[in-house]
Amino acid sequence: MTQKRASLISLSDTPFYHCVSRCVRRSFLCGVDHYSGQNYEHRRAWVEERLLFLSSVFAIDICAYAVMSNHVHVVLHVDVDKALNWSNKQVLALWHTLYKGTLLTQRFMRDDELTKSEMHTLEDTIAVYRQRLHDISWLMRNLNEHIAREANKEDECTGRFWEGRFKSQALLDNRALLACMAYVDLNPIRTKIATTPENSHHTSIQKRIHALKTNQHPPHTLLPFVGNPRQNMPKGISFSLKDYCELVDITGRVIREDKQGHIATTQPAILQRLGLSDAQWLTLTTEFEQHFCYAVGSEHMMRQFAEHTHHRQIQGISNARALLA
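The rules behind these values
- Residues numbered from 1 in each chain as written.
- Predicted model: local features only at pLDDT ≥ 70, side-chain atom pairs only at ≥ 80, totals over all residues.
- Heavy atoms only, no water.
- Helix = DSSP H or I, 4+ residues; strand = E, 2+ residues; numbered from the N terminus.
- Contact = heavy atoms within 4.5 Å.
- Areas by Shrake-Rupley, 256 points an atom, 1.4 Å probe, with all protein chains shown as cover.
- Buried < 20%, exposed > 50% of the residue type's maximum accessible area, 1.4 Å probe, protein only.
- Pairing = 2+ DSSP bridges.
- Axes fitted to C-alpha atoms, helices over the stretch in contact; angles between N-to-C directions.
- Expected span 1.5 Å × (residues − 1).
- Arc of directions from axis to C-beta.
- Phe/Tyr/Trp six-rings, centres within 6.5 Å; stacked < 30°, edge-to-face > 60°.
- Lys NZ or Arg CZ within 6 Å of the ring centre and 35° of its normal.

For the protein chain, the name recorded in an unreviewed UniProt entry is Transposase, with Paraglaciecola aquimarina as its organism.

What follows is the structure, given as C-alpha coordinates:
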(Lines give C-alpha, C1' and ligand atoms only; values in the text may rest on other atoms or scores of the structure.)
Protein backbone atom coordinates (compact mmCIF):
# COMPACT_ATOMS: atom_id res chain seq x y z
CA MET A 1 0.00 0.00 0.00
CA THR A 2 1.24 3.50 -0.86
CA GLN A 3 2.33 5.42 2.23
CA LYS A 4 2.08 9.16 2.79
CA ARG A 5 5.51 10.78 2.52
CA ALA A 6 5.15 12.20 6.04
CA SER A 7 4.91 8.65 7.36
CA LEU A 8 8.21 7.70 5.67
CA ILE A 9 10.38 10.57 6.89
CA SER A 10 11.14 11.32 10.53
CA LEU A 11 14.00 13.78 10.94
CA SER A 12 13.92 13.25 14.71
CA ASP A 13 15.08 9.68 14.06
CA THR A 14 17.58 10.24 11.23
CA PRO A 15 18.68 12.85 8.68
CA PHE A 16 19.77 10.11 6.22
CA TYR A 17 17.49 8.73 3.45
CA HIS A 18 17.90 6.48 0.42
CA CYS A 19 15.72 7.55 -2.52
CA VAL A 20 15.08 5.82 -5.85
CA SER A 21 13.29 7.23 -8.91
CA ARG A 22 12.38 4.90 -11.78
CA CYS A 23 11.38 5.62 -15.38
CA VAL A 24 8.15 4.49 -16.98
CA ARG A 25 9.22 4.66 -20.64
CA ARG A 26 10.38 1.75 -22.73
CA SER A 27 13.26 3.88 -24.06
CA PHE A 28 14.79 4.13 -20.60
CA LEU A 29 16.45 7.16 -19.08
CA CYS A 30 19.89 6.47 -20.53
CA GLY A 31 21.76 3.92 -22.61
CA VAL A 32 20.67 2.46 -25.94
CA ASP A 33 17.04 1.94 -26.94
CA HIS A 34 17.15 -1.48 -28.61
CA TYR A 35 13.96 -0.73 -30.57
CA SER A 36 15.08 2.51 -32.22
CA GLY A 37 18.85 2.17 -31.89
CA GLN A 38 19.01 5.66 -30.33
CA ASN A 39 21.68 6.22 -27.68
CA TYR A 40 20.55 8.17 -24.61
CA GLU A 41 23.73 7.73 -22.60
CA HIS A 42 24.27 11.51 -22.43
CA ARG A 43 21.21 11.81 -20.19
CA ARG A 44 23.12 10.26 -17.31
CA ALA A 45 25.26 13.41 -17.27
CA TRP A 46 22.08 15.53 -17.19
CA VAL A 47 20.93 13.77 -14.04
CA GLU A 48 24.32 13.92 -12.33
CA GLU A 49 24.80 17.62 -13.10
CA ARG A 50 21.31 18.54 -11.95
CA LEU A 51 21.59 16.51 -8.74
CA LEU A 52 24.92 18.09 -7.80
CA PHE A 53 23.57 21.54 -8.62
CA LEU A 54 20.51 21.02 -6.41
CA SER A 55 22.73 20.03 -3.49
CA SER A 56 24.21 23.54 -3.66
CA VAL A 57 20.72 25.07 -3.44
CA PHE A 58 18.96 22.85 -0.89
CA ALA A 59 20.06 22.26 2.70
CA ILE A 60 20.40 18.61 1.69
CA ASP A 61 23.78 16.92 1.24
CA ILE A 62 24.53 14.02 -1.09
CA CYS A 63 26.23 11.01 0.46
CA ALA A 64 26.08 8.68 -2.54
CA TYR A 65 24.43 8.43 -5.94
CA ALA A 66 24.35 6.22 -9.03
CA VAL A 67 22.65 7.12 -12.31
CA MET A 68 21.53 3.88 -13.96
CA SER A 69 19.83 3.15 -17.31
CA ASN A 70 16.25 3.38 -16.06
CA HIS A 71 16.51 4.58 -12.46
CA VAL A 72 18.48 6.83 -10.12
CA HIS A 73 19.73 6.03 -6.60
CA VAL A 74 20.67 8.78 -4.18
CA VAL A 75 21.52 8.78 -0.46
CA LEU A 76 20.69 12.15 1.12
CA HIS A 77 21.47 13.95 4.38
CA VAL A 78 18.97 16.61 5.49
CA ASP A 79 20.66 19.54 7.27
CA VAL A 80 17.78 21.33 9.00
CA ASP A 81 20.09 23.52 11.11
CA LYS A 82 21.72 24.88 7.97
CA ALA A 83 18.35 25.96 6.58
CA LEU A 84 17.27 27.51 9.88
CA ASN A 85 20.47 29.56 10.06
CA TRP A 86 20.04 31.11 6.62
CA SER A 87 19.04 34.78 6.58
CA ASN A 88 15.81 35.75 4.83
CA LYS A 89 17.80 37.10 1.88
CA GLN A 90 19.80 33.87 1.63
CA VAL A 91 16.59 31.83 1.53
CA LEU A 92 15.15 34.00 -1.25
CA ALA A 93 18.39 34.09 -3.23
CA LEU A 94 18.50 30.29 -3.21
CA TRP A 95 14.82 29.91 -4.03
CA HIS A 96 15.13 32.37 -6.92
CA THR A 97 17.77 30.17 -8.54
CA LEU A 98 14.97 27.65 -9.12
CA TYR A 99 11.75 29.69 -9.24
CA LYS A 100 10.69 33.28 -9.86
CA GLY A 101 9.14 33.68 -6.43
CA THR A 102 6.47 36.35 -5.94
CA LEU A 103 6.34 40.08 -6.66
CA LEU A 104 6.97 40.70 -2.95
CA THR A 105 10.05 38.46 -2.83
CA GLN A 106 11.43 40.12 -5.94
CA ARG A 107 10.82 43.60 -4.48
CA PHE A 108 12.45 42.58 -1.19
CA MET A 109 15.55 41.37 -3.02
CA ARG A 110 15.72 44.73 -4.82
CA ASP A 111 15.59 46.43 -1.39
CA ASP A 112 12.28 48.13 -2.21
CA GLU A 113 10.39 49.53 0.75
CA LEU A 114 7.55 47.29 1.96
CA THR A 115 4.57 48.06 4.21
CA LYS A 116 4.05 46.21 7.50
CA SER A 117 1.30 44.16 5.91
CA GLU A 118 3.54 43.25 2.97
CA MET A 119 6.37 42.33 5.35
CA HIS A 120 4.04 40.02 7.28
CA THR A 121 3.03 38.29 4.04
CA LEU A 122 6.67 38.12 2.96
CA GLU A 123 7.75 36.47 6.22
CA ASP A 124 5.07 33.80 5.79
CA THR A 125 6.30 33.15 2.24
CA ILE A 126 9.94 32.93 3.37
CA ALA A 127 8.97 30.41 6.08
CA VAL A 128 7.38 28.22 3.39
CA TYR A 129 10.44 28.50 1.13
CA ARG A 130 12.81 27.74 4.02
CA GLN A 131 10.89 24.56 4.81
CA ARG A 132 10.87 23.48 1.16
CA LEU A 133 14.64 23.99 0.90
CA HIS A 134 15.23 21.15 3.35
CA ASP A 135 12.42 18.94 2.05
CA ILE A 136 13.49 15.76 0.24
CA SER A 137 10.26 15.69 -1.79
CA TRP A 138 10.96 19.16 -3.19
CA LEU A 139 14.52 18.23 -4.16
CA MET A 140 13.41 15.01 -5.90
CA ARG A 141 10.52 16.83 -7.57
CA ASN A 142 12.88 19.48 -8.94
CA LEU A 143 15.33 16.85 -10.17
CA ASN A 144 12.69 14.72 -11.87
CA GLU A 145 10.69 17.56 -13.42
CA HIS A 146 13.82 19.13 -14.92
CA ILE A 147 15.01 15.86 -16.46
CA ALA A 148 11.51 15.02 -17.74
CA ARG A 149 11.25 18.40 -19.49
CA GLU A 150 14.67 17.96 -21.12
CA ALA A 151 13.89 14.39 -22.21
CA ASN A 152 10.46 15.36 -23.58
CA LYS A 153 12.05 18.20 -25.53
CA GLU A 154 14.65 15.84 -26.99
CA ASP A 155 12.07 13.13 -27.77
CA GLU A 156 9.60 15.71 -29.15
CA CYS A 157 6.79 14.27 -27.07
CA THR A 158 4.79 14.85 -23.91
CA GLY A 159 3.67 12.67 -21.04
CA ARG A 160 5.05 11.07 -17.91
CA PHE A 161 8.72 10.17 -17.77
CA TRP A 162 9.06 8.96 -14.15
CA GLU A 163 6.91 6.79 -11.92
CA GLY A 164 4.52 8.93 -9.90
CA ARG A 165 6.41 8.61 -6.60
CA PHE A 166 10.00 8.05 -5.66
CA LYS A 167 10.84 5.35 -3.14
CA SER A 168 12.44 6.43 0.14
CA GLN A 169 14.06 4.46 2.97
CA ALA A 170 15.13 5.94 6.31
CA LEU A 171 18.70 4.94 7.25
CA LEU A 172 18.59 4.77 11.02
CA ASP A 173 22.20 4.06 12.00
CA ASN A 174 25.76 4.03 10.63
CA ARG A 175 25.57 0.41 9.56
CA ALA A 176 22.47 1.05 7.48
CA LEU A 177 24.01 4.23 6.04
CA LEU A 178 27.31 2.66 4.94
CA ALA A 179 25.66 -0.52 3.65
CA CYS A 180 23.22 1.53 1.60
CA MET A 181 25.97 3.80 0.26
CA ALA A 182 28.00 0.77 -0.82
CA TYR A 183 24.88 -0.78 -2.36
CA VAL A 184 24.32 2.40 -4.37
CA ASP A 185 27.96 2.87 -5.37
CA LEU A 186 28.22 -0.76 -6.52
CA ASN A 187 25.04 -0.71 -8.63
CA PRO A 188 26.94 -0.42 -11.95
CA ILE A 189 29.20 -3.36 -11.00
CA ARG A 190 26.28 -5.53 -9.88
CA THR A 191 24.49 -4.87 -13.19
CA LYS A 192 27.73 -5.40 -15.17
CA ILE A 193 27.92 -1.97 -16.80
CA ALA A 194 31.22 -1.28 -14.99
CA THR A 195 34.10 -3.45 -13.84
CA THR A 196 35.64 -1.32 -11.07
CA PRO A 197 34.42 1.49 -8.79
CA GLU A 198 36.75 4.00 -10.44
CA ASN A 199 35.28 3.38 -13.92
CA SER A 200 31.69 3.43 -12.67
CA HIS A 201 30.68 6.59 -14.48
CA HIS A 202 28.11 8.96 -12.97
CA THR A 203 28.51 7.62 -9.45
CA SER A 204 29.66 9.23 -6.22
CA ILE A 205 32.35 6.58 -5.66
CA GLN A 206 34.07 7.55 -8.91
CA LYS A 207 34.13 11.21 -7.81
CA ARG A 208 35.53 10.31 -4.38
CA ILE A 209 38.22 8.00 -5.80
CA HIS A 210 39.29 10.62 -8.34
CA ALA A 211 39.74 13.11 -5.48
CA LEU A 212 41.82 10.56 -3.55
CA LYS A 213 44.04 9.71 -6.53
CA THR A 214 44.74 13.35 -7.35
CA ASN A 215 45.22 14.42 -3.72
CA GLN A 216 42.38 16.89 -4.06
CA HIS A 217 39.91 17.89 -1.39
CA PRO A 218 36.72 15.80 -1.46
CA PRO A 219 34.14 17.20 -3.89
CA HIS A 220 32.23 19.99 -2.12
CA THR A 221 29.04 18.64 -3.66
CA LEU A 222 29.31 15.42 -1.60
CA LEU A 223 29.01 15.04 2.16
CA PRO A 224 32.60 14.36 3.30
CA PHE A 225 33.95 11.47 5.34
CA VAL A 226 35.34 13.05 8.52
CA GLY A 227 37.06 10.16 10.32
CA ASN A 228 36.17 8.36 13.53
CA PRO A 229 33.89 9.99 16.14
CA ARG A 230 35.67 12.50 18.39
CA GLN A 231 35.12 15.78 20.22
CA ASN A 232 34.25 18.80 18.08
CA MET A 233 33.21 16.44 15.27
CA PRO A 234 32.68 18.34 11.97
CA LYS A 235 29.64 17.65 9.81
CA GLY A 236 30.07 14.53 7.73
CA ILE A 237 30.14 10.73 7.67
CA SER A 238 31.94 9.39 10.72
CA PHE A 239 34.36 7.04 8.96
CA SER A 240 37.53 7.37 6.89
CA LEU A 241 37.13 7.82 3.13
CA LYS A 242 40.11 5.50 2.57
CA ASP A 243 38.43 2.76 4.65
CA TYR A 244 35.19 3.20 2.76
CA CYS A 245 36.82 3.09 -0.69
CA GLU A 246 38.76 -0.06 0.26
CA LEU A 247 35.58 -1.66 1.58
CA VAL A 248 33.67 -0.85 -1.63
CA ASP A 249 36.54 -2.20 -3.75
CA ILE A 250 36.74 -5.47 -1.81
CA THR A 251 32.96 -5.90 -1.92
CA GLY A 252 32.96 -5.14 -5.64
CA ARG A 253 35.48 -7.92 -6.27
CA VAL A 254 33.17 -10.43 -4.61
CA ILE A 255 30.14 -9.19 -6.56
CA ARG A 256 32.00 -9.36 -9.90
CA GLU A 257 33.21 -12.87 -9.26
CA ASP A 258 29.68 -13.90 -8.24
CA LYS A 259 30.93 -15.74 -5.17
CA GLN A 260 29.32 -16.18 -1.78
CA GLY A 261 31.09 -16.20 1.56
CA HIS A 262 34.20 -14.40 2.65
CA ILE A 263 34.97 -10.90 1.45
CA ALA A 264 38.70 -11.36 1.96
CA THR A 265 41.09 -13.40 4.06
CA THR A 266 41.51 -10.40 6.34
CA GLN A 267 38.25 -8.74 7.26
CA PRO A 268 38.43 -4.92 6.91
CA ALA A 269 38.64 -3.04 10.21
CA ILE A 270 35.63 -0.94 9.27
CA LEU A 271 33.39 -4.03 9.36
CA GLN A 272 34.61 -4.85 12.83
CA ARG A 273 33.71 -1.34 13.97
CA LEU A 274 30.27 -1.74 12.43
CA GLY A 275 29.77 -5.05 14.22
CA LEU A 276 28.93 -6.92 11.00
CA SER A 277 30.18 -10.25 9.70
CA ASP A 278 31.40 -10.43 6.11
CA ALA A 279 28.35 -12.56 5.22
CA GLN A 280 25.97 -9.95 6.65
CA TRP A 281 27.82 -7.18 4.77
CA LEU A 282 27.66 -9.03 1.45
CA THR A 283 23.93 -9.61 1.84
CA LEU A 284 23.29 -5.97 2.70
CA THR A 285 25.33 -4.57 -0.17
CA THR A 286 23.83 -6.83 -2.84
CA GLU A 287 20.22 -7.20 -1.66
CA PHE A 288 19.58 -3.96 0.27
CA GLU A 289 16.21 -3.10 -1.28
CA GLN A 290 14.97 -6.68 -1.12
CA HIS A 291 15.21 -6.95 2.67
CA PHE A 292 13.90 -3.56 3.78
CA CYS A 293 11.06 -1.28 2.78
CA TYR A 294 10.63 2.12 4.46
CA ALA A 295 13.41 2.11 7.06
CA VAL A 296 16.71 0.34 7.71
CA GLY A 297 18.56 -0.01 11.01
CA SER A 298 18.74 -2.05 14.18
CA GLU A 299 15.52 -3.63 15.45
CA HIS A 300 15.32 -1.06 18.28
CA MET A 301 15.79 1.88 15.88
CA MET A 302 13.19 0.53 13.46
CA ARG A 303 10.60 0.08 16.22
CA GLN A 304 11.29 3.63 17.40
CA PHE A 305 10.91 4.93 13.82
CA ALA A 306 7.60 3.04 13.46
CA GLU A 307 6.30 4.69 16.65
CA HIS A 308 7.33 8.19 15.53
CA THR A 309 5.79 7.76 12.07
CA HIS A 310 2.59 6.17 13.47
CA HIS A 311 3.00 2.75 11.85
CA ARG A 312 1.49 -0.20 13.71
CA GLN A 313 4.28 -2.32 12.30
CA ILE A 314 7.05 -1.79 9.79
CA GLN A 315 8.40 -4.25 7.23
CA GLY A 316 11.91 -5.59 7.69
CA ILE A 317 12.04 -6.06 11.48
CA SER A 318 13.02 -9.73 11.18
CA ASN A 319 15.67 -8.88 8.58
CA ALA A 320 17.06 -6.17 10.87
CA ARG A 321 17.31 -8.78 13.61
CA ALA A 322 19.23 -11.13 11.31
CA LEU A 323 21.41 -8.67 9.38
CA LEU A 324 21.95 -5.76 11.79
CA ALA A 325 21.83 -7.45 15.19
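What follows picks up the thread again.
*Asks:* Got a minute to help me understand the overall build of the protein chain in this structure?
*Replies:* Each helix and strand counted, the protein chain has 14 helices and five strands in total. Across the protein chain, contacts joining residues at least 24 apart in sequence account for 66% of those joining residues at least 6 apart. Roughly 16,200 Å² of accessible area belongs to the protein chain as shown, and the carbon and sulfur atoms make up 50% of that amount.

*Asks:* What exactly am I supposed to notice about the pairing of strand E2 (residues 60-67) here?
*Replies:* When a strand is regular, its side chains alternate between the sheet's two faces. Counting buried positions along E2 gives eight out of eight residues, so the element sits mostly inside the fold. Summarising the sheet, E2 and strand E3 (residues 71-78) pair through seven bridges and their orientation is antiparallel. Its bridge partner being in E3, Asp61 is matched across the sheet by His77. Following E2, the chain reverses through three residues before pairing antiparallel with E3.

*Asks:* Explain the sheet that holds strand E1 (residues 16-22) to me, please; I cannot follow it from the model alone.
*Replies:* Adjacent strands of a sheet form backbone hydrogen bonds with each other and so pair up, either parallel or antiparallel. One open sheet accounts for five strands, arranged E2-E3-E1-E4-E5; its pairing is mixed. This sheet does not close on itself; its edge strands, each paired only once, are E2 and strand E5 (295-296). Lying over the sheet, helix H1 (residues 43-57) contacts E2 and E3, oriented at roughly 170 degrees with respect to E2. Packing of helix H6 (residues 136-155) onto the sheet brings it into contact with E1, E2 and E3, and relative to E1 it is tilted by some 30 degrees.

*Asks:* Just checking my understanding: could you explain helix H5 (residues 116-132) for this structure?
*Replies:* Each turn of an α-helix holds 3.6 residues, which means side chains three or four residues apart point in the same direction. Between its terminal C-alpha atoms H5 stretches 25 Å, which fits the 24 Å expected from 17 residues at 1.5 Å a residue. Here H5 has its buried residues at Leu122, Thr125, Ile126, Tyr129 and Arg130. Seen end-on, H5 carries its buried residues on one side only, within an arc spanning 140 degrees. Set apart from the buried face of H5 by more than 90 degrees, the exposed residues are Lys116, Ser117 and His120. Buried-residue contacts for H5 involve helix H2 (80-85), helix H3 (88-96) and helix H4 (103-109).

*Asks:* Help me understand the packing of aromatic side chains in this model?
*Replies:* Within this structure, the stated rule accounts for seven aromatic pairs. Each ring, one from Tyr99 and one from Trp138, has its centre 6.2 Å from the other, and the planes form 85 degrees; the classification is edge-to-face. With a gap of 39 residues between them, Tyr99 in the loop between H3 and H4 and Trp138 in helix H6 connect regions that are remote in the sequence. You can call Tyr99 partly exposed: its relative accessible area is 27%. Following the ring pairs from residue to residue traces out a cluster consisting of Trp95, Tyr99, Tyr129 and Trp138. In this structure, Lys89 is placed above the aromatic ring of Phe108, and the distance from its NZ or CZ to the ring centre is 5.7 Å. Directly above the aromatic system of Trp138 lies the positively charged group of Arg141, at a separation of 4.3 Å from the ring centroid.

*Asks:* Help me understand the pairing of strand E4 (residues 167-171), please; the structure alone is not making it clear to me.
*Replies:* Counting buried residues in E4 gives four out of five residues, a clear majority hidden from the surface. Inspection of the sheet shows E1 paired to E4 by four bridges, in the antiparallel sense. Bridging from a neighbouring strand, Val20 pairs with Lys167 of E4. Alignment of E4 against E5, held across two bridges, turns out to be parallel. Bridged to Leu171 within E5 is Val296.

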